[in-house]
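# Structure at a glance
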Amino acid sequence: MTAFQSRRRWAGKTALVTGAGGGIGRATALRLAEEGAAVAIVDVNRRAAEAVRKEVETAGGTAAVFVADVSVDADCAGTVAACEAAFGRIDVLVNNAALLEPGGAVDGLSEADWDRVIGVSLKGVFLMSRHVIPRLRAAGGGAIVNVASVHAFATMPKTAAYAAAKGGVVALTRQMALDFAADRIRVVAVAPGAVDTDMLRGGGSASDEDLVRAGFPMDGRSIGRVGEPSEIAEVILFAASEQASFVTGSTIAADGGLLARLVQA
Ligand code: NDP
């Protein structure tokens, strides 16, 4: 018996995870597969997505790669149809793909940069959801987990498009939860704080010291650490699971206490 066959809470279910080639998406795909789900690894980055598929399969799980740009409607429609054809059903959608960069204040952002960040990080949630919802409805229900950010609630300088996108994701989560409650579709957002991924490291340019500065207290004093992708994946899995059957429309922060703090000591 492989490691993945010993725990099968998600056996027979299919989960579609966008941005699954990257840090948090990869960790989520691996945990879902570990629990028995067939996982659709959706990413614009084929190489990263294939690497995650191999990891899942090596551990005894089931996965397929779908290369797509979530800001393009035709890509989303094609991906959802191909996922359904491959696995026969869709039970969970994790809208995780997003872009932090290009950053800037509103007077320093080009229209194209604004459109790109909003297109992937907010419109991508709309596009993927609109294609998955009819499948969830037809199946009698399901769950959508939107990965937002603490930037929806408190931000830092020169992050205008990303902060606006993540605020939009939280609002859209509430909206979809109301609109599809009668279809037994739960919609929940998870808002991570600083998490050690390529996005936080700016594609590799941030040092460990930078990461410590980005870290926030879990004990009221600075323990100076950022989160691990696996710590966010656990919250995403909970939000998507039957254990969260009375949770919908809300946003769960997983931020090591970042939003609880008024100033950095
Ligand atoms: P990563 O950058 O590590 O991974 C994101 C993945 O999404 C990459 O594989 C990326 O490909 C892919 N991607 C980018 N654009 C698209 C697109 N248009 N369509 C499909 N896939 C795309 O990000 P994280 O794992 O850090 O972030 C995951 C989520 O968590 C995001 O929603 C992010 O906003 C959120 N989050 C992250 C935090 C953090 O500190 N890391 C904090 C708060 C929220 P490529 O590598 O080619 O760009």
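All values reported here derive from a predicted model rather than from experimental measurement. (Residues numbered from 1 in each chain as written. Predicted model: local features only at pLDDT ≥ 70, side-chain atom pairs only at ≥ 80, totals over all residues. Heavy atoms only, no water.)

### Some words on unusual backbone geometry
Residue Glu101 is joined to Pro102 through a cis peptide bond whose omega torsion reads 0°. Relative to the elements of secondary structure, Pro102 occurs in the loop between β4 (92-95) and α4 (111-138). Phi at Lys158 takes a positive value of approximately 60°, unusual for a residue other than glycine. Inspection of the secondary structure assignment puts Lys158 in the loop between β5 (142-147) and α5 (160-179). Taking relative accessible area as the criterion, Lys158 reaches 61% and is therefore assigned exposed. You will see that Arg184, though not glycine, has its phi angle at about 60°, which is positive. Inspection of the secondary structure puts Arg184 in the loop between α5 and β6 (185-192). Here Arg184 falls in the exposed class, since its relative accessible area comes to 64%. (Helix = DSSP H or I, 4+ residues; strand = E, 2+ residues; numbered from the N terminus. Buried < 20%, exposed > 50% of the residue type's maximum accessible area, 1.4 Å probe, protein only.)

### Let's talk about the confidence of the model for the protein chain
Averaged over the protein chain, the pLDDT score is 92; the fraction of residues at 70 or greater is 88%. Mean pLDDT in the protein chain bottoms out at helix α6 (residues 208-214), which sits at 64, and peaks at β5, which reaches 99. (pLDDT = per-residue confidence, 0-100.)

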